[in-house]
Amino acid sequence: MIEQLRWAGSFGYPGATRRQLEWVGRRHLEAYRGAYACCAASRWIADGLIRDGVHHSKIRIVGYGPNHGHTCPEDRDWSRPRFLFVGWDWVRKNGDSVVRAFLALRQRFPEATLDVVGHHPPLDDPGITGHGPLSLLDQDARATVERLFRQSTCFVMPSLIEPFGIVYVEAAMAGIPSIGTTIGGTPDSIGEGGMCVDPEDPNALLSAMIELSDPATAAALGRMAKARAARLTWRFTAERILRSADLTWPEPVELADFL
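Let us look at the structure shown here.

Rules behind the numbers
Residues numbered from 1 in each chain as written. Predicted model: local features only at pLDDT ≥ 70, side-chain atom pairs only at ≥ 80, totals over all residues. Heavy atoms only, no water. 1 Å grid on protein atoms, 1.4 Å probe; cavity = no way out; pocket = protein on both sides within 12 Å on 5 of 7 lines; lining within 4 Å. Points joined across faces, edges and corners; volume = space filled by probe spheres on them. Helix = DSSP H or I, 4+ residues; strand = E, 2+ residues; numbered from the N terminus. Nonpolar A, V, L, I, M, F, W, Y, C, P; charged D, E, K, R; others polar. Core = buried A, V, L, I, M, F, W, Y, C linked by side-chain atoms within 4.5 Å. Buried < 20%, exposed > 50% of the residue type's maximum accessible area, 1.4 Å probe, protein only. Contact = heavy atoms within 4.5 Å. Salt bridge = Lys/Arg side-chain N within 4 Å of Asp/Glu carboxyl O. Pairing = 2+ DSSP bridges.

A separate point is the layout of surface pockets. There is about 500 Å³ of room inside the largest pocket. Lining the largest pocket are 24 residues, and of these N67, K93, I166, V167 and E170 sit closest to its centre. Looking at the lining of the largest pocket, the elements that each hand over two or more residues are α5 (139–151) and α6 (166–173). Of the residues forming the lining of the largest pocket, the biggest block, 3 residues, is contributed by α6. Split by residue class, the lining of the largest pocket holds 14 nonpolar, 7 polar and 3 charged.

If you look at the biggest cluster of nonpolar residues, it comprises 43 residues, and the most contacted ones within it are F83, L114, F149, F155, I179 and M209. A per-element tally of this core places helix α4 (residues 95–106) first, with 5 residues. Not counting residues within four places of it along the chain, the set of residues in contact with F83 comprises F102, L105, T113, L114, D115, S152, C154, V156, I179, M209 and S213. If you look at the next biggest cluster of nonpolar residues, it comprises 17 residues, including C38, A40, A46 and I59.

Attention now goes to the side chain of K93. Topologically, K93 is positioned in the loop between β3 (82–86) and α4. K93 sits in the buried class, given a relative accessible area of 11%. Residues in contact with K93, not counting those within four places in the same chain, are F85, G87, M157, P158, S159 and E162.

Another point: the pattern of salt bridges. What the rule picks out here adds up to 7 salt bridges. One salt bridge connects D89 with R92, and the closest N-O pair in it is separated by 3.9 Å. E162 is the salt-bridge partner of R92, the closest N and O atoms lying 3.8 Å from each other. In this pair, R92 is assigned in the loop between β3 and α4 and E162 in the loop between β6 (154–156) and α6, connecting sequence segments 70 residues apart. Each of the two residues, R92 as well as E162, counts as buried.

Scanning the entire structure with this criterion turns up 1 cavity of 30 Å³ or more. Computed from the structure, the largest cavity encloses a volume of approximately 40 Å³. Forming the walls of the largest cavity are Y168, A172, I176, P177, S178, S189, I190, G193, A225 and R228. Of all elements in the fold, only α6, α7 (186–190) and α9 (215–229) reach the threshold of two or more residues within the lining of the largest cavity. Here the lining of the largest cavity is composed, by residue class, of 6 nonpolar, 3 polar and 1 charged.

The next point concerns the pairing of β3. The element β3 is extensively covered by neighbouring structure, given that 5 of its 5 residues are classed as buried. Residues R82, L84 and V86 of β3 are buried on one face, and the alternating residues F83 and F85, pointing to the opposite face, are buried as well. Where β3 and strand β4 (residues 113–117) come together, 5 bridges link them in parallel fashion. Counted as the bridge partner of F83 is L114 from β4.

Here it is as structure tokens:
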């Protein structure tokens, strides 16, 4: 949380003053330093705690599970690239960069498509379908999201910052690889089931999308993502939290130790 406060404008504190954020940070640090063990979702968060003075022997990286499960079809069609973006915060999730990269990609793969879910601007370019914000509490909207995950071949969301990225786990459950960001904890959520790119490097994003437009590459990474997702569930997260009291583990315990 302390690391996230450094990006306060991206995490729902746009009106907070520096003094207010510093106060919140001090309260958090008091709790962390007094705790027997600290459970962090990702290595990025753990490193931030260590920089802020939390002893590394207390830290356990436990990951997160999916908020919504998406089924993985047995007969997914990998023959043409079908990208999916799901992110309500269009700016922080870097939606404009995804659209620009896709338009460049489509010059090479004219059959490629991009489905966009979230609070996006008007989208009327060829190959792009905007679905607006779809609430998973609504039955019809949920069915649409499920269908999009089933038919897509790659999830792409190179956020400007992402402490973990639960949606990458949800994409992995659906059997598709992800393109995420290098800023934050996505190496722990995506792992070998996709690619992480500098969100401010349009060439890196385009290169990753081109690479995952290859059916064999996308299918192979999708299989690895699916296998990884089997251990990224809330049940296993809870087990890792319960085991965090065992301070005889290596310090800090890496999420990779469990996967």
